[in-house]
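# Architecture at a glance
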Amino acid sequence: MITNVSSSPAVPRRPAFLDGGGECGERLRNFDWAGSRMGPPELWPACLQTVLRTVLGSRFPMAIHWGSELLTFYNDAFAQVLGSKHPGHLGRPAKEWWREMWDQMAPIVEHVLTGETYYVENASYAPERGHSQRETYFTHCHSPIWNEDNQVEGVLLVLTESTREVLAERAFVALNRRQAFQLDVADRLRGLGAATEVTAAATELLGNYLHVSRVYYTEINEGSRTAFVQGAWSAADLPPLPGSARLDDFSPEIIGILNEGKPFVVNDVRTDPRTQAYADAYLALGMGAIVAVPLLQAGRVTCALNLSHHVPRAWTREDIAITQDVVQRTWEAVERARAVAALRSEHEHSKRAQAALRDADKRKDEFLAMLAHELRNPLAPIGTAAELLRHFQFDEATVKRTSEVISRQVKHMTGLIDDLLDVSRVTRGMVTLQKETLDLRDVLGYAAEQARPLMEARRHRFAVQLPPEPIHVLGDKKRLVQVIANLLNNAAKYTPEDGFVELRLSLRGDSATVTVRDNGVGMLPELLARAFELFAQDERTLDRSQGGMGLGLALVQRLAEAHQGSVAAHSDGIGKGSTFILRLPVAQQQAQAGQDAPGAAAAPAVRSLRLLVVDDNVDAAETLGMLMAEAGHQVTVEHSSRVALDRARELRPDICLLDIGLPDIDGNELARRLRLQPETAGTVLIAVTGYGQERDRNESYAAGFDYHFVKPVDMPRLQALMARIAG
């Protein structure tokens, strides 16, 4: 330890160990050491003089902490490391010098004062160097300075700043990691063929890479300011995300920032002024910090890739940059997947169309052969009878018998030609139906009378079951009799002799149901799928023993649809019989009272109902809405399923009138989602659609619809239904 002892004044001589040293050497030489705790430099211990001379002469950053107070000396190279602390700390205690990080430095100094050397590479510190304090990195060595008595008097510090090298290496490692991740993403997405698979893979990869709690995509409807969750991945057991949410419920600023193409970044939802008022909504979903990165199309945001963490998190530039990269890559992959799917669908459609054309051509040829056969059959006896009458003289009885043959065969040919003309007219919409209110029991009675001779000829047991109460329909009596007679004749022809045929009428909801069941030859699934197509014939008829040209069932279907009804066929297979079910809408009370005009207006509803009409056909939606409004109802019209889902939650409508063929979410899926929303779980759902097949009705009922109306809508029936619901 230095003892400050002064001798009698003498002419000062500059100590040689302070020679040189640049600016720091000059400052040391000009300092009045005699009045300091160190005393005159010439009296400093030899070990200090030696080390200080080395320090001042070095171009490498070096410093000395000396004595019990660890007073500091350093060279010009070290002064550059100190920044704004130089020169104020020259000769000052180390504790003052390193005050902002003394908790890191003190253990090192104490360790070296025991006689041990301390060395570390790329250690992280945050010294104050100017007006800022930032993390820097140093490689440094602290060595003990020994005095003549073999005691440690001070510490020699030799260091070099390695911040640039550390950051460069870190950036290189991060770059390699990022590039590896990007390659992984590209490899995973390249082989996926569906958009849902692409989003699922991308969210999982990004979530694991960034170690976040949740990653998910949202489609954004700017008009309704609503986000719809598409693909989601989570690393932990978090509360489920809603299918859709209004962005304003989480911060009104979100959509504006996203529309500028900027990410919406929040490190802590509780303290960020943009989300502070909505923090409870975020925390309820397990979100403490969020990022939303937009994807713009035509300058407007259409979707976003979202990150969330269950606790606050300081998002880095790297987090944002990699998320922006992934959202772009994912969108490109989704577009590729959609394009491939569209091409594949188009190719499959083309193949099916070609197959359908070949099949239609084949059935046309078969039909022409059958037609020739059917027309030649009656021509043969007609020609023979004509030859007999021309060449021979017969008695009156023989001539009468021959004339009856000609008459029967002409009648048969007339029936064939009438069938052809009927199908042609009905198919082209050239048949005008003379509708009136009918008791369907009477129609079945007339049809049964027409079919009974064939039933008796084939010795079938023919059962007719009619309800005791009338069932009224609005229809053309002649055509409905024709429809049911065709079904009965079809059953009679394709049921072996001594078989069983049943005709039954019942009421199911708003539909009258006519069932024709037999225990005949049945149908294969291939024929069942096209039973109502023109010229559809099975191989069972190639012997022509039953006659017919494959027109009857096609005519039945078209006439049923002309009555806003439907017809369906079922068979368990060959030899297991067939069942045909005809459904017709029952007539309304106005029709039963004598109003047989199909466009007659229904009575006003008992009370005004809240209606939501959803149809992407703007004209159809608007006209239906206007008609309902004229009837006194409160009507809201939407053309998008996603927007309608939101509006329904707000409006809580009594009735939703939904088209099935909607472009974004089809009507059946929309019905399912409405049933899942508490606000619309009990709403009456009515399908208003061009799809009227039995399968379509079954699918709509399974999706949650209460009623199924086929376009063009039977307005009296619809308004009568409204009246019942309102009452």
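Residues numbered from 1 in each chain as written. Predicted model: local features only at pLDDT ≥ 70, side-chain atom pairs only at ≥ 80, totals over all residues. Heavy atoms only, no water.

### Regarding the overall build of the chain
Along the chain, the regular secondary structure elements total 21 helices and 23 strands. The burial tally for the chain puts 46% of its 727 residues in the buried class. Pairs at least 24 residues apart make up 62% of the contacts formed inside the chain by residues separated by at least 6 positions. Per element, the accessible surface of the chain, about 36800 Å² overall, is 52% carbon and sulfur. (Helix = DSSP H or I, 4+ residues; strand = E, 2+ residues; numbered from the N terminus. Buried < 20%, exposed > 50% of the residue type's maximum accessible area, 1.4 Å probe, protein only. Contact = heavy atoms within 4.5 Å. Areas by Shrake-Rupley, 256 points an atom, 1.4 Å probe, with all protein chains shown as cover.)

### Comments concerning a nonpolar patch on the surface
On the surface, Leu389, Phe392, Phe394 and Val399 cluster together to form a nonpolar patch covering roughly 310 Å² of accessible area. When its relative accessible area of 30% is taken as the criterion, Val399 is described as partly exposed. (Patch = residues over 30% accessible without salt bridge, like charges linked within 9 Å, V, L, I, M, F, W, Y side chains within 5 Å. Salt bridge = Lys/Arg side-chain N within 4 Å of Asp/Glu carboxyl O.)

### Observations regarding unusual backbone geometry
For residues that are not glycine, phi is negative in most cases, and the peptide bond is trans in most cases. A positive phi angle, close to 160°, is found at Ser251, a residue other than glycine. Considering the arrangement of structural elements, one finds Ser251 in the loop between strand 8 (244-246) and helix 8 (254-259). Relative accessible area serves as the criterion here: at 1%, Ser251 is assigned to the buried category.

### Structural notes on the packing of helix 18 (residues 641-651) against helix 19 (residues 667-676)
Relative orientation of the contacting elements helix 18 and helix 19 amounts to 20°, with a least axis distance of 11 Å. Classified by the interaxial angle, the pair formed by helix 18 and helix 19 is roughly parallel. Helix 19 is crossed by helix 18, and the crossing has right-handed handedness. Together, Ser641, Arg642, Leu645 and Ala648 of helix 18 and Leu670, Arg673 and Leu674 of helix 19 make up the contact between the two elements. Class assignment for the residues of the contact of helix 18 with helix 19 results in four nonpolar, one polar and two charged. (Axes fitted to C-alpha atoms, helices over the stretch in contact; angles between N-to-C directions. Parallel < 35°, antiparallel > 145°, perpendicular 65-115°, else oblique. Left-handed = near helix turned anticlockwise from the far one by under 90°. Nonpolar A, V, L, I, M, F, W, Y, C, P; charged D, E, K, R; others polar.)

### Considerations on the sheet that holds strand 5 (residues 152-161)
Strand pairing within a sheet occurs via backbone hydrogen bonds; the two strands may be parallel or antiparallel. Pairing is antiparallel in the open sheet, where five strands are placed in the order 2-1-5-4-3. Each end of this open sheet is capped by a strand with a single partner; those strands are strand 2 (71-74) and strand 3 (118-125). Ignoring strand direction, the axes of neighbouring strands in this sheet form an average angle of 25°. One ladder, built from nine bridges, connects strand 4 (residues 136-146) with strand 5; its direction is antiparallel. Across the sheet, Phe138 pairs through a bridge with Glu161, a residue of strand 5. Packing against the sheet, helix 2 (residues 46-57) makes contact with strand 1 (62-66), strand 2, strand 4 and strand 5, and its axis sits at approximately 155° to strand 1. (Pairing = 2+ DSSP bridges.)

### Some points on the nonpolar core
Leu52, Ile64, Phe73, Phe78 and Trp98 are the most contacted members of the largest nonpolar core, which has 45 residues in total. Other than its neighbours up to four places away in sequence, Phe73 contacts Leu28, Trp33, Met38, Trp44, Leu52, Met62, Ala63, Ile64, Trp66 and Leu90. Among the nonpolar cores identified, the runner-up in size contains 40 residues, and Ala448, Val473, Leu503 and Val556 belong to it. (Core = buried A, V, L, I, M, F, W, Y, C linked by side-chain atoms within 4.5 Å.)

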